[in-house]
Amino acid sequence: MQRLTEHPVLGPLGGQPISFEFDGIVYPAIEGDSVASALLACGIRTLRRSKQAGEPRGIYCGIGHCYECRVTVDGKSSVRACITPVADGMVVKPGPAPAEARP
Amino acid sequence: MTAFDVAIVGAGPAGLSAAIAAAEAGGRVAVVDENRVPGGRLLGQLHQESKDSWWIGQKVAAGLGERAAAAGVELFCGREVWGMHPGWFLALDGGDTISAPHVVLASGAAERAMPIPGWTLPGVMTVGAAQTLTNFYRVRPGQRIAVVGVDPLSLTVAHELKMAGADVVGIFLPPLSKLSGQGGHPGHNLGYLSGLASLAPNAFLRAAAGLVRNPVARKAAARLYPESGVPVLGVPLKLKQSITAIEGDERVRAVEVTDIDAQGRPKGRTRLLEVDCVCLSGGLYPVQELTGGCAAARIDELGGQVPLHSEEMETTLKNVFVAGNVTGIEGAKVAMAQGTVAGLAVAARLGLAEPARLRDAIASVDDVRRTSPITFLPNVGEGRRKAGELWAAAGTHQQAEAQAWA
Amino acid sequence: MGIKTADAVVIGAGVIGSSIAFRLAEQGRKVVLVEKAGPGAGASGSCDKAIFLQSKRPGIHMELALASRRMYDTLEAELEADLELKNDGGMVAIETPEHLDFMRDFVRKQRDAGIAVELLDGNEARRRQPCLSPHVLGASFSPDDAEVNPLALNTALFRAAARHGAQTMTHCEVTGIRASAGRVTAVETRRGSISTPLVINAAGPFAGQVGQLAGVHVPVKPRRGTILISEAVEPMVNGSMLCAQYIAAKHLAAVGSGNVPPYGIGLSLGQTESGNLLIGGSREFAGFEKASGPDVMAAIAGHAIRIVPALAKIRIIRSMTGFRPYTGDGLPIIDRAPELGGYVIAAGHEGDGIALAPITGILVRDLVDGKTGPFLHALTVNRFAVPIPA
């Protein structure tokens, strides 16, 4: 619904469809997507919860500067969803991983 | 440890241009960027340059990337620089080190935070994030979007969101506060728009842009500004309303809109406007995380703290150069011109470039600046002049110190 | 701008200078607190958060720390501020038989001095501090060790000084001290002159340079330290932790043979309220050169990971390097300068600035009031008859 398959200046969108997992659910993506853009295209805005108050957090700066969008990708903790390309079969979990769960 | 002639931090327009200049001259060049995709802020850029030509940043980025690769530049994309140590050595994430006698720091700009109540809700993001999502990743950040903050970047992005089919309900002022500084003042914002004269299709804004040098006229324009706003490129510019809070539980549901007077003071009336996305524009500032060892100055006309540098873009640290928005907020074309200067300056040090080529490149930076379609900061020329004076003073001081040691 | 006058000018708004300014202003003195950068911009803002008693050498060092530690019990109320003070104890991890012998002796002396400290075997140490490596032989533990947020402490002392009428001048460098007939008459700053009969040099590692402005010899030199800071993680460290090597390095004691880490490294580990780990640290003499290099950071990390293996998986987000004010015997100088009337030195707390800030304010107040007390005789500048070793 939020994916721009057509654009008045940029034209039609190409790219190979792939899929990945976030928080236990499989989502579609297009090769070249970042983890954050693929999730947003599926309507997923919340990427983690704040440590103390448990408030939802999503994309903020979009350039890897603010670390608000950190997630765990294939077991690697504190990865920035906004600058990490999504890959077919990738397993993403919200927020950073607890220390003992890290590989 | 991998050795190069020059290590460049940042694969945006400045860093890639520096890499191309140095590598095409014959230098061994490494470029490091924490984003896996090279291009920096180019990736999101999309605006009309003339009647039938568009600046499509991602195409420019792809072109620069291809040219760099063809010249033998080694790109370390998706890698972080954790530290920079004299010599020079760049410590990368995971323990790798790049060594090079010359460094170009092209770390670019980040957006100032605008912490209005509710700003951490999913659906609230910077205009820069919205721009990259829309134009590069081709995902609309929302269906009904409010833009907060009035500056050349926010107006451009509002227009891009509109082009992408979003309903942009308006471009609003931030609340008047210590944090937003003058950003919440309608008269100030009219002044800010002077850099946009060429982008403003609207007679009122063109007139306003012409009036801004006169403070009395600016006040009058602020007073006469219509309550409903004025459409700019199809988006209502609301200089008489500010967003005072963002509402929502798990995500953005609405913004709280407050009517303000010509001085930016709230007039009491507030209402909720339903939106699913809010784009904040607090303005860009130069990122200085790696320039700590260079003499620097805070120059507001350039967007904040900047390293002092020579015409050849060298800082007070020998063989450490800078280029692009790290030296002050300007457009991509200026960044590219500065990057070319830094790359040629390094090549000249290596005996690979003619001094005349470097001189030409230096001269072209000002030409590019003069003909830029967008000026992000209204007094950037004044800022560059101040920085130049401070450099001259620092240079004299350094010479004196060098003589004292001799 | 008219000519300022003050009863006392305090130079340096770290925890020491701010504490002194607070105590002097509290008495009704007209105080000006002058700071080259911002409050806590130096050592006070680049240190860990522990208030350790059991790292102190039994004797005057320990008694001073104890007296200061007691003041912390009421300090939050007195300063009307939340200092994030936690009385959650501290531990010194012991890795080798040589260190075990050294610490056994150290602990015995501390118990004799009245400190509640016990020696735990390896299993008991790991029960209280599960993050410890299986090779750790034991630990000393004291429930009296505590933690505080140094930035909150600095800010609270600075504000308390201002609240009691001290005038604060930040981002204002002192450029000279004027004297007449062997007595201080004024302090020159970048923002004008302050007429005063009393100046207090609380410039920490820079106390030597500030001393030179008045021809006063202050035998303090900078001892560089680097601390790594991690991302916020779930609670994993109970209270504060050191290693026995830290105690040895701090007191320049040679314990055991071989395997001494480079750069004067000894573990200090604590966790902030928001979850970030502070992982220290090094002790080096390198003048005022702030760039400590990647090798130091790698060595700190390697040493810390050996004792707390889970740290290997945690992301370091930044590091900070500062200069401790080093005197050579682990004690600060709190004394009148013999060369110049009206010039007081209060510097050289090395790594104990946070622990000793409360008592230092009181000691300087007493010194200025002409009182003696149990400590000042041991903190004189004349105790360094010979220059400190380079």
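Residues numbered from 1 in each chain as written. Chains lettered and ligands numbered in written order. Predicted model: local features only at pLDDT ≥ 70, side-chain atom pairs only at ≥ 80, totals over all residues.

You'll find chain C entered in an unreviewed UniProt entry as Glycine oxidase, with Arthrobacter mangrovi given as the organism.

Within an unreviewed UniProt entry, the label attached to chain B reads Sarcosine oxidase subunit alpha, and the organism entered is Arthrobacter mangrovi.

On to the environment of L105 of chain B, then. Within the secondary structure layout, L105 of chain B lies in strand β10 (residues 102-105). Beyond its immediate sequence surroundings of up to four residues, L105 of chain B is in contact with V9, L290, T291, V320, V322 and V326 of chain B. (Helix = DSSP H or I, 4+ residues; strand = E, 2+ residues; numbered from the N terminus. Contact = placed C-beta atoms within 7 Å.)

This paragraph deals with the domain arrangement of chain C. Residues and elements named next belong to chain C. As assigned here, chain C comprises domain 1 (4-45 + 151-219 + 329-383) and domain 2 (90-143 + 221-326). Using only C-alpha atoms to locate each centre, domain 1 and domain 2 end up separated by 31 Å. Taken together, the 12 residues of domain 1 in the interface contact 10 residues of domain 2. Looking at the side of domain 1 that touches domain 2, its residues break down into four nonpolar, seven polar and one charged. (Domains from an automatic or database assignment. Nonpolar A, V, L, I, M, F, W, Y, C, P; charged D, E, K, R; others polar.)

With that settled, the discussion passes to the packing of helix α1 (residues 13-24) of chain B against helix α2 (residues 57-70) of chain B. Residues and elements named next belong to chain B. In contact at an axis separation of 9 Å, α1 and α2 are set at 30° when each is read in the N-to-C sense. Classified by the interaxial angle, the pair formed by α1 and α2 is roughly parallel. The chirality of how α1 crosses α2 is left-handed. Contact residues: α1 offers L16, S17, A19, I20 and A23, while α2 offers L64, G65, R67 and A68. The residue inventory of the contact of α1 with α2, partitioned by class, reads six nonpolar, two polar and one charged. (Axes fitted to C-alpha atoms, helices over the stretch in contact; angles between N-to-C directions. Parallel < 35°, antiparallel > 145°, perpendicular 65-115°, else oblique. Left-handed = near helix turned anticlockwise from the far one by under 90°.)

This paragraph deals with the sheet that holds strand β9 (residues 97-99) of chain B. Within a sheet, each strand pairs with its neighbour through backbone hydrogen bonds, oriented either parallel or antiparallel. Residues and elements named next belong to chain B. Read across the open sheet, the four strands follow the order β1-β9-β8-β7; overall the sheet is mixed. Each of the sheet's edge strands pairs with one partner strand only, and the pair in question is β1 (2-3) and β7 (81-85). Strand direction decides the pairing type here: strand β8 (residues 89-92) and β9, joined by three bridges, are antiparallel. Each bridged residue has a counterpart across the sheet, and for F89 the counterpart in β9 is S99. (Pairing = 2+ DSSP bridges.)

Quick look at the packing of helix α8 (residues 332-349) of chain B against helix α9 (residues 355-371) of chain B now. Residue and element names in this part refer to chain B. Between α8 and α9, whose axes approach to 9 Å, the crossing angle comes to 165°. With respect to each other, α8 and α9 are oriented roughly antiparallel. Between α8 and α9 lies a crossing whose hand is left-handed. Counting all contacts with α8, which are made through K333, V334, A337, Q338, T340, V341, L344, A345 and A348, the residues of α9 involved are P355, R357, L358, A361, I362, S364, V365, V368 and R369.

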